[in-house]
Amino acid sequence: MNEDRYILVIADGSNEMKVALDYACARSKKTSRKIIIATFIKPLDVLTTQGVTEIMKNEAREEAESLLNEAANIVKESTKEIPILHTREGELIPELMKLIEEEQGINVLVLASNANEKEKNPGPIINSLLSKEMSNLRIPVMIVPGNLSKNHILQIT
């Protein structure tokens, strides 16, 4: 990557993904940072024939591409910029850490916490990063409340 600075957002299909993207877009417009959207394909943990495994891999890749396209459309509509898209295969947290190390232009990760008031858990990605990986990150993690409206995001950015 060049000298640009990037905001990283994870496309995982969650309700909070849109909030994280809206926040990243608002920050992007104010700071001239570009956006990287990453999705992660979990390794298959099944014993089956090679043909079935290939079908399952292809379905997982198609789902990942669909998530990336959905997220990219949100960014393009909001910022008029085309985001950089990454698909990684493997366990999410180790692959996320590798991506952050490889792409030196990434200088913030934006996540939105679980918006479900009944759950005390902010979400699996946030839990993993805060409990196990925070000291290994070279960038800050911006955790946005998952229940923020687009108007509220515009007010605080």
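Remember, it's a predicted structure, so these values are computed and weren't measured experimentally.

Peer 1: Help me get a handle on the overall build of the protein chain, residues and values and all.
Peer 2: In terms of regular secondary structure, the protein chain is built from five helices and five strands. Ordered by position in the sequence, the α and β elements of the protein chain form the string β-α-β-α-β-α-β-α-β-α. Taking 15 Å as the expected radius of gyration for a compact globule of 157 residues, we find that the protein chain reaches 16 Å, a close match to that expectation. Intrachain contacts of the protein chain at a sequence separation of at least 6 include 75% that bridge at least 24 residues. Summed over all atoms, the accessible surface of the protein chain reaches about 9,200 Å², with 48% contributed by carbon and sulfur. Here the protein chain contributes 19 positive and 23 negative side-chain charges, whose respective centroids are spaced 8 Å apart.

Peer 1: Tell me about the nonpolar core, and name the residues and values.
Peer 2: Of all hydrophobic cores here, the largest spans 24 residues; its most connected members are Ile7, Val9, Ala11, Leu21, Ile35, Ile37 and Val110. Broken down by secondary-structure element, the contributors of at least two residues to this core are strand 1 (6–10), helix 1 (15–31), strand 2 (34–41), helix 2 (50–79) and strand 4 (106–112). For this core, the leading source of residues is helix 1, giving eight residues.

Peer 1: So, a positive patch on the surface: which residues are in play, and what are the values?
Peer 2: On the surface, Lys29, Lys30, Lys80 and Lys150 cluster together into a positively charged patch. Locating Lys29 in the fold gives a position in helix 1.

Peer 1: So what's going on with the sheet that holds strand 5 (residues 141–144)? Which residues, and what values?
Peer 2: Note on sheets: strands pair through backbone hydrogen bonds, and any given pair is parallel or antiparallel. The sheet built from five strands is open, its strands ordered 3-2-1-4-5 with parallel pairing. The strands lining the two open edges of the sheet, one partner per strand, are strand 3 (84–89) and strand 5. The mean angle between the axes of side-by-side strands here comes to 25 degrees, regardless of whether they run parallel or antiparallel. Its contacts with the sheet place helix 1 against strand 1, strand 2, strand 4 and strand 5, and it is angled at close to 170 degrees to strand 1. Contacts from helix 4 (residues 124–133) reach strand 1, strand 4 and strand 5, with the element oriented near 130 degrees to strand 4.

Peer 1: A description of the confidence of the model for the protein chain should follow, citing residues and the corresponding values.
Peer 2: Mean pLDDT over the protein chain works out to 91, with 97% of the residues at or above the 70 mark. The lowest-confidence element of the protein chain is helix 4, averaging 85 in pLDDT; the highest-confidence one is strand 1, averaging 98.

Peer 1: Can you explain a nonpolar patch on the surface? Please cite residues and give values.
Peer 2: Taken together, the side chains of Leu130, Met134 and Ile143 make up a nonpolar region of the molecular surface, amounting to roughly 240 Å² of accessible area. Take Met134: it is sitting in the loop between helix 4 and strand 5.

Peer 1: Tell me about unusual backbone geometry, and please be specific about residues and values.
Peer 2: A positive phi angle, near 60 degrees, is found at Ser32, a position not held by glycine. Checked against the element boundaries, Ser32 lands in the loop between helix 1 and strand 2. Phi is positive for Lys80, close to 65 degrees, though the residue is something other than glycine. Its place among the elements puts Lys80 in the loop between helix 2 and strand 3. Lys80 gets classed as exposed once you look at its relative accessible area, which sits at 67%.

Peer 1: Go over the environment of Ile106, please, and point to the residues and values.
Peer 2: Of note, Ile106 is situated in strand 4. Taking the C-alpha atoms as reference, Ile106 lies 9.2 Å from Lys34; in sequence the two are 72 residues apart. In this structure, Ile106 is in contact with Tyr6, Leu8, Ile36, Leu99, Ile100, Arg138 and Ile139, ignoring residues within four places of it in sequence.

What counts, and where the lines are drawn
- Residues numbered from 1 in each chain as written.
- Predicted model: local features only at pLDDT ≥ 70, side-chain atom pairs only at ≥ 80, totals over all residues.
- Heavy atoms only, no water.
- Helix = DSSP H or I, 4+ residues; strand = E, 2+ residues; numbered from the N terminus.
- Rg over C-alpha atoms; globule rule 2.2 N^0.38 Å.
- Contact = heavy atoms within 4.5 Å.
- Areas by Shrake-Rupley, 256 points an atom, 1.4 Å probe, with all protein chains shown as cover.
- Lys, Arg positive; Asp, Glu negative; His and termini not counted.
- Charge placed at Lys NZ, Arg CZ, Asp CG, Glu CD.
- Core = buried A, V, L, I, M, F, W, Y, C linked by side-chain atoms within 4.5 Å.
- Buried < 20%, exposed > 50% of the residue type's maximum accessible area, 1.4 Å probe, protein only.
- Patch = residues over 30% accessible without salt bridge, like charges linked within 9 Å, V, L, I, M, F, W, Y side chains within 5 Å.
- Salt bridge = Lys/Arg side-chain N within 4 Å of Asp/Glu carboxyl O.
- Pairing = 2+ DSSP bridges.
- Axes fitted to C-alpha atoms, helices over the stretch in contact; angles between N-to-C directions.
- pLDDT = per-residue confidence, 0-100.

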